[in-house]
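# Observations on the model geometry
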Amino acid sequence: MSRIPVLVMDADERQALAACRALGRAGYEIGVAGSRDRSLAGHSRFAARHHVLPDPRTRTDVYEERLADIVRGRGYRVLLPCLDETFARAERITLPARI
């Protein structure tokens, strides 16, 4: 059985780190996304990949386009936004994943 790929967003938030750890322990394949090259959740041993996205509050069109490219390119099946801003942006685009 293959592991389900999950993208945990807002990688600098503590709740993203907690989600990364919990989902990783449960056997999911974890990618994290945040607005900086280095992030809190990106340091988790369960984070297989780290993606850098623009700030969702300032560059919304670029953010949505980049997020869609990452999800399609890596085949993420589940998105887990940790902040309202990223949930609103992820909700606006058509993705092959569920939010």
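Residues numbered from 1 in each chain as written. Predicted model: local features only at pLDDT ≥ 70, side-chain atom pairs only at ≥ 80, totals over all residues. Heavy atoms only, no water.

## Things to note about the pairing of strand β1 (residues 5-9)
The buried fraction of β1 amounts to five of the five residues, a majority that puts the element mostly inside the structure. Relative to strand β2 (residues 29-34), β1 runs parallel, the two sharing five bridges. Note that in β2 the partner of V6 across the bridge is I30. In this fold, β1 hands off to helix α1 (residues 14-25), which returns the chain to β2; that crossover is right-handed. (Buried < 20%, exposed > 50% of the residue type's maximum accessible area, 1.4 Å probe, protein only. Helix = DSSP H or I, 4+ residues; strand = E, 2+ residues; numbered from the N terminus. Pairing = 2+ DSSP bridges. Right-handed = clockwise from strand over helix to strand, strands pointing away.)

## A look at the nonpolar core
V8, A16, C20, I30, V32 and A41 are the most contacted members of the largest nonpolar core, which has 13 residues in total. Residue assignment for this core shows that the elements contributing at least two residues are β1, α1 and β2. For this core, the element with the highest residue contribution is α1, accounting for four residues. Grouped together as the second largest cluster of nonpolar side chains are 11 residues, L7, L53, I70 and L79 included. (Core = buried A, V, L, I, M, F, W, Y, C linked by side-chain atoms within 4.5 Å.)

## Observations regarding the environment of A68
Within the fold, A68 resides in helix α2 (residues 60-74). For the pair A68 and A90, spaced 22 residues apart in the sequence, the C-alpha separation amounts to 8.5 Å.

## Things to note about a nonpolar patch on the surface
A surface patch of nonpolar side chains, amounting to about 210 Å² of accessible area, comprises I4, Y28 and V78. Mapped onto the elements of the fold, Y28 is located in the loop between α1 and β2. (Patch = residues over 30% accessible without salt bridge, like charges linked within 9 Å, V, L, I, M, F, W, Y side chains within 5 Å. Areas by Shrake-Rupley, 256 points an atom, 1.4 Å probe, with all protein chains shown as cover. Salt bridge = Lys/Arg side-chain N within 4 Å of Asp/Glu carboxyl O.)

## Description of the packing of α2 against helix α3 (residues 84-91)
Viewed as axis vectors pointing N to C, α2 and α3 meet at an angle of 65°, and their least axial separation amounts to 9 Å. With respect to each other, α2 and α3 are oriented roughly perpendicular. As for the relative orientation of α2 and α3, their crossing is right-handed in sense. Note on element contacts: α3 touches α2 through T86, R89 and A90, opposite T60, Y63, E64 and L67. Its residues assigned to classes, the contact of α2 with α3 comprises three nonpolar, two polar and two charged. (Axes fitted to C-alpha atoms, helices over the stretch in contact; angles between N-to-C directions. Parallel < 35°, antiparallel > 145°, perpendicular 65-115°, else oblique. Left-handed = near helix turned anticlockwise from the far one by under 90°. Contact = heavy atoms within 4.5 Å. Nonpolar A, V, L, I, M, F, W, Y, C, P; charged D, E, K, R; others polar.)

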